[in-house]
Amino acid sequence: MGLRNYIWDEAWELNVSRGKVRGAYHIIKFGENLDVDGSMETIWDAGGLYTYLTSAGVLTVTSTDGDDAAAGTGARTVTVEGLDANYNQVSETLTVGGGAGSVEFFRVFRAFVATSGTSETNEGTISIAQGATTLAQIRTVGSPTKTGLGQTFMSIYTVPAGYTGYIYQLDVSTAKADGDVFLMKRGVNDNGTWRAQDVMHTNNNDIERVYTFPLKIEEKTDIEVRALSPTNNMKCAATFCVLLVQNES
């Protein structure tokens, strides 16, 4: 069998990634929390339990470093991806420190540096917020020399309207302390109630779940990975893969 036939006849997943499968696409969500303690925390850059918006609104992008700015050496613009009030996908590219945007977001699940100056990435911690609510951050790593990551690390996602999600794989790794890691979901008809879908008990190791029968996640459902550590100060990283299939009309 030639390579062309293999690509088109055998590797269906590859064709999804190539955008060649009508009505289907995938997203890989990865996150990190560097200091998980005894209370439940979301696996995302800012730490603590994530706060979801209750109404859609415009966003601002700011930085702790003045070189992240429209004409700065660091991050100049940031693209934000999420959903609007109707759970339809939206995105907007905003200037760092340039004031509020024009697109209203109800959910934010990813942001990345779109353009930058000579440092080629963010130089400070970039925050994406609606009012006083931080919805995403883009961090730096390293000390004393800091390097921007240029991308959010947040194990958070919301299935768009008109699609059903299928979680095929969940990977978790921890360091410094033991802990418990939970896959959580909350649908629009769940009366605001979160429900655990899986749990992993860790002790400075990594665990992989491959779901032979993928976990079905209905449209407009929030998904996130949370963790806690009875001995505090645990590092936790989590990645999950979601196949999105367009609902039949």
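Residues numbered from 1 in each chain as written. Predicted model: local features only at pLDDT ≥ 70, side-chain atom pairs only at ≥ 80, totals over all residues. Heavy atoms only, no water.

Caption draft 1: The nonpolar core, seen in detail. The biggest cluster of nonpolar side chains holds 57 residues, and the ones touching the most others in it are Val80, Ile126, Ile128 and Ile167. Among the elements that line this core, the one with the most residues is strand S17 (residues 234–246), at six residues. When near neighbours in sequence (up to four residues on either side) are disregarded, Val80 contacts Leu59, Val90, Ser91, Glu92, Leu94, Phe105, Val108, Arg110, Ala111 and Ile128. (Core = buried A, V, L, I, M, F, W, Y, C linked by side-chain atoms within 4.5 Å. Buried < 20%, exposed > 50% of the residue type's maximum accessible area, 1.4 Å probe, protein only. Helix = DSSP H or I, 4+ residues; strand = E, 2+ residues; numbered from the N terminus. Contact = heavy atoms within 4.5 Å.)

Caption draft 2: Representation of the pairing of strand S5 (residues 89–95) in the model. Burial along S5 is one-sided: Val90, Glu92 and Leu94 are buried, while Gln89, Ser91, Thr93 and Thr95, pointing the other way, are not. Bridge count for strand S4 (residues 75–83) against S5 is seven bridges, and the pairing is antiparallel. Each residue of the ladder has a partner; that of Gly82, found in S5, is Val90. Linking S4 back to S5 in an antiparallel pair, the connection comprises five residues, with Tyr87 at a positive phi of about 65 degrees. (Pairing = 2+ DSSP bridges.)

Caption draft 3: Expanded view of the side chain of Glu224. Structurally, Glu224 is set in strand S16 (residues 222–228). Side chain to side chain, Glu224 and Thr42 meet in a polar contact 2.6 Å long. A polar contact is formed between the side chain of Glu224 and the side chain of Tyr52, at a distance of 2.7 Å. When near neighbours in sequence (up to four residues on either side) are disregarded, Glu224 contacts Thr42, Leu49, Tyr50, Tyr52, Ser155, Ile156, Phe182, Leu183, Met184 and Trp194. (Polar contact = N/O pair within 3.5 Å; in protein donor to acceptor, adjacent residues only side chain to side chain.)

Caption draft 4: Molecular detail of empty space enclosed by the protein. One pass over the full model with this rule turns up one cavity of 30 Å³ or more. Taken as a whole, the largest cavity holds about 40 Å³ of empty space. Lining the largest cavity we find Tyr50, Tyr52, Arg107, Val108, Phe109, Ile156, Tyr157 and Thr158. Residues of the lining of the largest cavity, tallied by class, amount to six nonpolar, one polar and one charged. (1 Å grid on protein atoms, 1.4 Å probe; cavity = no way out; pocket = protein on both sides within 12 Å on 5 of 7 lines; lining within 4 Å. Points joined across faces, edges and corners; volume = space filled by probe spheres on them. Nonpolar A, V, L, I, M, F, W, Y, C, P; charged D, E, K, R; others polar.)

Caption draft 5: Expanded view of the sheet that holds strand S8 (residues 133–138). Spatially, S3-S7-S8 is the arrangement adopted by the three strands of the open sheet, whose pairing is antiparallel. The sheet is open, and its two edges are formed by strand S3 (60–63) and S8, each paired on a single side. Each neighbouring strand pair of the sheet contributes to a mean axis angle of 30 degrees, computed without reference to strand direction. (Axes fitted to C-alpha atoms, helices over the stretch in contact; angles between N-to-C directions.)

Caption draft 6: Local environment of the packing of aromatic side chains. Inspection of every chain in the model, using the stated rule, returns seven aromatic pairs. Note on Tyr50 and Tyr52: the rings are 4.8 Å apart at their centroids and 75 degrees apart in plane angle, and the pair reads as edge-to-face. Relative accessible area serves as the criterion here: at 8%, Tyr50 is assigned to the buried category. A relative accessible area of 12% means that Tyr52 is categorised as buried. Measuring from centroid to centroid gives 5.5 Å for Tyr87 and Phe106, while their planes differ by 80 degrees, and the two rings are edge-to-face. In this pair, Tyr87 is assigned in the loop between S4 and S5 and Phe106 in the loop between S5 and strand S6 (107–116), connecting sequence segments 19 residues apart. Among the aromatic residues, those joined into a cluster by ring pairs are Trp44, Tyr50, Tyr52 and Trp194. (Phe/Tyr/Trp six-rings, centres within 6.5 Å; stacked < 30°, edge-to-face > 60°.)

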